[in-house]
Amino acid sequence: MNYLQIKPKNKKGFIKNSTILLLAYASAFFPRIIQSLGAPSIINFLHFAIVTLAFGIAISTTKVKNKNQITIFWQLAFGLLLLFVIMTTSALLNGAGVINVILDFLLLSEPFLLLLTVVSVPQSNEVIGKLRYWLIVFALINLLLAIAQAILISLHLLPVYKYSIEDNVQGVFYLSGAGNYVSVSISICVSLYFYIFYNTLPFWIRIIGLVASFYQLLASDSKQILLSFLVGWMFLLVTKYNKPVKLIIYTIVFVLFIFGFLWSIENLDIEQLAAFKLWLDRSDLYGPNGEAVLLKTAGIRTIISHYNSPLNWLFGLGPGHTVSRLGGWVIRDYRSLLAPLGITSHPVTEEMWAIVNGSWLAVSTTMFSPLFSWVGIWGDLGFLGLGAYLYIWYVVWCRLCLEDFSKLMVLTVFVFAFIFTQIEEPGYMLSVTLLIGLRWNEMQYKRSHQRSRYMPTVDQSEIGIN
């Protein structure tokens, strides 16, 4: 039985919307690899327009009558409007440019625009199958390309452009700053989805993706990704306090993995695993006054040192003015493109890069980088902006995360945001929200229709349907 088979019926409007949605997702997934082949850098901004266009087409052409979908739409729309109002206020108070507001809002809101687009697409078997099929195909291309890069680099057949050999294993995010982390994250997320929800396929087929993703993680030296998923799994355990059976099962799986991994670090002579042991043995870095702690919190201290009004606590220093992805990377990397549009920056960014470039620890690993999403959002937009952003995630958690896989995706995103600016990386975030939206659509469809031979069979107790 072919679980990836798609046989569209005469639902042209449905297929049209899903096709536009996939094009929007592809526009954020492939521009890096296209740019590495010679395309102009502006290609990295096209997805903002395409995703917004897909959102506009979806909400204007889809006639949603389901009260739950309507409630989700308006709650998320309210959160996004609130975020935009606070961001605009912050820009006015701090003299940030209009382009700062536009780009920062798009970086933070784009994943939720795609999520709203997915939710607005009618819950037809054909549309769900199409989204699932191309999501897996895109992820497979990324995974295979990353493995090929690792092999070619080891054979000295592919040039090394980044700081280390491992940093060049980036899949479709080739030659981008943190492309190795983004690529691995997507590989693991989609492989986990495939393993769990295609459980009628043989085990050996479903496990291939996870094994290959773990190889990619080791080959790209993406230790932070493994840590993020493990901590996310720990937080997921906390949500199972009222379900003792699941709590016990999840805890056993977690403990077995931890012990197995620690045993492998100590007993297997694998070069990639040695890096984990190196950082675990450096306990001197992690105390209250340890270098890792002081470096990680440097952004907070630097931002506060530039406060000149009590309003800065509420509205921050302005969109793109601190250590968010916009302020820390986008403005610096695309200044020649953005300067004519009136982009503005702040001394905080240069001060933070001076700290990073002057620290052996920051250069060695991004684990302790002071430039990470939560401090960036807070630094740019203050506590009000951070609160508005968290409210959007609260709606997603309560309304759309109906089972453990989606919850794990959200929790992992939150952990990532304490490490680096992953929460503002379009390719990764659109993949996560597409998975969450797809799972929500699958569950709604299952509740309202009989099982189709094109849908994987899933035990209802495993996906949180009581």
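Preceding this paragraph is the structure being described.
Let me sum up the structure you'll find in this document. Within any chain, residue numbers begin from 1 and follow the written order of that chain's sequence. Only residues with pLDDT of at least 70 are given local features in this predicted model, and only at 80 or more are side-chain atom pairs given and counted; all residues enter the totals for whole chains, interfaces and linings. Note: side-chain values were computed over all heavy atoms of the structure, leaving out hydrogens and water.

1. Quick notes on the packing of aromatic side chains
Put simply, the rule is: By convention, a stacked pair of Phe, Tyr or Trp rings (six-membered ring in the case of Trp) has centres within 6.5 Å and planes under 30 degrees apart, an edge-to-face pair has planes over 60 apart, and any other such pair is tilted. Secondary structure elements are defined from DSSP: runs of H or I of at least 4 residues count as helices, runs of E of at least 2 residues count as strands, and each element is numbered from the N terminus. When a residue's accessible area, from a 1.4 Å probe over protein chains only, is under 20% of the maximum for its type it is buried; when over 50% it is exposed; and in between it is partly exposed.
Following the criterion strictly, the structure yields 35 aromatic pairs and no others. Look at Y25 and F138: their rings are 5.8 Å apart centre to centre, the planes differ by 25 degrees, and that puts the pair in the stacked class. Of this pair, Y25 sits in helix α1 (residues 12-29) while F138 sits in helix α6 (residues 125-154), and the two are 113 residues apart along the sequence. For the pair shown, Y25 and F138 are each scored as buried. Judged by centre distance (6.4 Å) and plane angle (15 degrees), the rings of F55 and F73 are stacked. Of this pair, F55 sits in helix α3 (residues 46-61) while F73 sits in helix α4 (residues 67-94), and the two are 18 residues apart along the sequence. Note on accessibility: F55 and F73 belong to one class, buried. Taken together through their ring pairs, the aromatic side chains of Y25, F29, F30, Y133, W134, F138 and F173 make up a single cluster.

2. Looking at α3
Definition in use: Each helix should span, by expectation, one fewer than its residue count multiplied by 1.5 Å. As used here, the arc belongs to the directions running from the helix axis to the C-beta atoms.
Taking 1.5 Å of rise per residue, 16 residues should cover 22 Å, and α3 covers 23 Å from first to last C-alpha, within 8% of that figure. Regarding α3, the residues found buried are H47, F48, V51, A54, F55 and A58. The buried residues of α3 occupy an angular sector of 135 degrees when the element is viewed end-on, so they sit on one face. Those residues of α3 that are exposed and angled more than 90 degrees off the buried face are A49, L53 and S60.

3. With respect to the pattern of salt bridges
Worth spelling out the cut-off: A carboxyl oxygen of Asp or Glu within 4 Å of a side-chain nitrogen of Lys or Arg is what we treat as a salt bridge.
Scanning the entire structure with this criterion turns up five salt bridges. Among the ionic pairs, R332 bridges to D333, the shortest N-O distance being 3.6 Å. With relative accessibility at 46%, the residue D333 sits in the partly exposed group. A salt bridge links R439 to E442; its shortest N-O distance comes to 2.3 Å.

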